[in-house]
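# Fold and geometry: a report
Residues per chain, in single letters:
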Amino acid sequence: MKTIFIFIGFIYSVLLAGVTSTSTSDDMVETSVVDNQNAPLLAMFKMTKVNKRIMEYISDALEIKMSNLVKMKLEEVLLSLDIDEDVKQYIENMKGNLTGHIKREIKDYFDDMKHNSSDAISKASRTEEENIKKESKDYFDDMKQKSADAFSEASRIAKENIKKEVKDYFNDMNQKSTDAIYEARRTAEENIKKEIKDYFYDMKQNFTDAISEVHSHRDCSDLDREHFRSGEYRIFPWGRAGFNVYCDMDTDGGGWTIFQRRQDGKVDFYRGWKEYVKGFGDVRKEFWLGNDKLHDLTSQGSYELRVDLEDFNGDKAYAKYSTFNIGDQSTNYILTVNGYSGTAGNALVYHNKQAFSTKDKDNDSDRRNCAENYKGAWWYNGCHTSNLNGLYVGNKQDNKGMRWNHWKGSQSMKTTSMMIRRI
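Residues numbered from 1 in each chain as written. Predicted model: local features only at pLDDT ≥ 70, side-chain atom pairs only at ≥ 80, totals over all residues. Heavy atoms only, no water.

## Focus on the pattern of salt bridges
- Applying the stated criterion across every chain, the model contains 21 salt bridges.
- Between E275 and R271 there is a salt bridge, with its nearest N and O atoms 2.9 Å apart.
- Across the pair R284 and D282 runs a salt bridge whose closest N-O atoms are separated by 3.6 Å.
- What emerges from the salt-bridge pattern is a single network uniting R218, D219, D222 and R422. (Salt bridge = Lys/Arg side-chain N within 4 Å of Asp/Glu carboxyl O.)

## Here we look at a nonpolar patch on the surface
- Taken together, the side chains of I162, V166, Y169, F170 and M173 present a nonpolar region at the surface, about 490 Å² in accessible area.
- You can see I162 is positioned in helix α3 (residues 85-215). (Patch = residues over 30% accessible without salt bridge, like charges linked within 9 Å, V, L, I, M, F, W, Y side chains within 5 Å. Areas by Shrake-Rupley, 256 points an atom, 1.4 Å probe, with all protein chains shown as cover. Helix = DSSP H or I, 4+ residues; strand = E, 2+ residues; numbered from the N terminus.)

## Here's the deal with the state of the cysteines
- For the coordinates displayed, the defined rule picks out 2 disulfides.
- With a sulfur-sulfur separation of 1.8 Å, C220 is cross-linked through a disulfide to C247. A torsion of -75 degrees about the S-S bond marks the disulfide between C220 and C247 as left-handed. Note that C220 is positioned in the loop between α3 and β4 (231-235) and C247 in strand β5 (residues 243-248), a separation of 27 residues in sequence. Taken individually, C220 and C247 each receive the classification buried, so the pair is uniform in this respect.
- A sulfur-sulfur separation of 1.8 Å characterises the disulfide bridge that pairs C370 with C383. Negative torsions about the S-S bond denote left-handed disulfides, and the value of about -75 degrees found for C370 with C383 makes this one left-handed. With C370 in helix α6 (residues 370-373) and C383 in the loop between α6 and α7 (405-408), this pair connects stretches of sequence that are 13 residues apart.
- Residue class for C370 comes out buried when judged on its relative accessible area of 0%. (Disulfide = S-S within 2.5 Å. Buried < 20%, exposed > 50% of the residue type's maximum accessible area, 1.4 Å probe, protein only.)

Laid out in structure tokens, this is it:
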């Protein structure tokens, strides 16, 4: 009997020893058990964040399993022993007590595990909260320091930029002031030079006008060619009021009165009858002297004509006529020209004895209005072999341009001049 008790105690100890647990980490628990074949089992539980109902379910299931296992082990032992009924009854009572004790042990174990888990979770939460507070404090302290550093650096850079901008501004202002002073000085010098030039030009003009009035120069051929230079003078044709002309005192012996000049296309020559009768432009630049003045001049005596031409390649030619005369308005300023000589060819012979035509007064012999068709004003026939009052079209072939057919065909001229001299 004593031997039986000792064996039962041994079985109890073994079974209790089999129900132990170890903690593998803060949130993992290992529990060793044996199955009905005495094979060891290892149960692992993650206690953190485990639902209460799941823990209770696991606890109840293990209690039932362990209780059945103990019963089965005791029954196996009893069947293997030859004992009497009293002993069996005692063992049955022990089985009940042992099962209840094991249940309490398991329940106490899991209650303790739950409490420990709750404490661990609470401690972990507290630790995590403290860590979060510390990290937040460290983060904001770091941000505060970085903000202070950034503000300090931004202030330093801003100060440097302001210094640089102020320096650059004053350097720029200094340069602009220097440039302004230089420009003002240059402009003042140019203005003074221009005023002096204009003053002496006016003095010269007044002087030449006074001389002209005293000497009553009828045209440029009356000027002393040894003492007068090329320029603007005032002349007084017979019986007419005086007017300004440009005298060429250099070309072919001098004494020429210029009545037409083209040089850059800045003056529009495609004009009407009245403007050609009166004249237009500046005698020092591009101009037409006027048909009335041409008649007044050529009616004073015998005149010769010289035409000078230049193309855009720098080639030059001239045509000279020993006879040149313009009729009065009643003849529509009819042209008389003869006695050609020169290098440009006799392109005016086709226009001899022709009346003057403009876009608004058609006096040519063609059924068309030649002035309108060829954009000029000339002594058109039907229509032209010269058109020196045509359009300034530049360096190209164009019958509407300033052409002299007998020299360059349809090529438009760069410069032209027409001038007369009394012989």
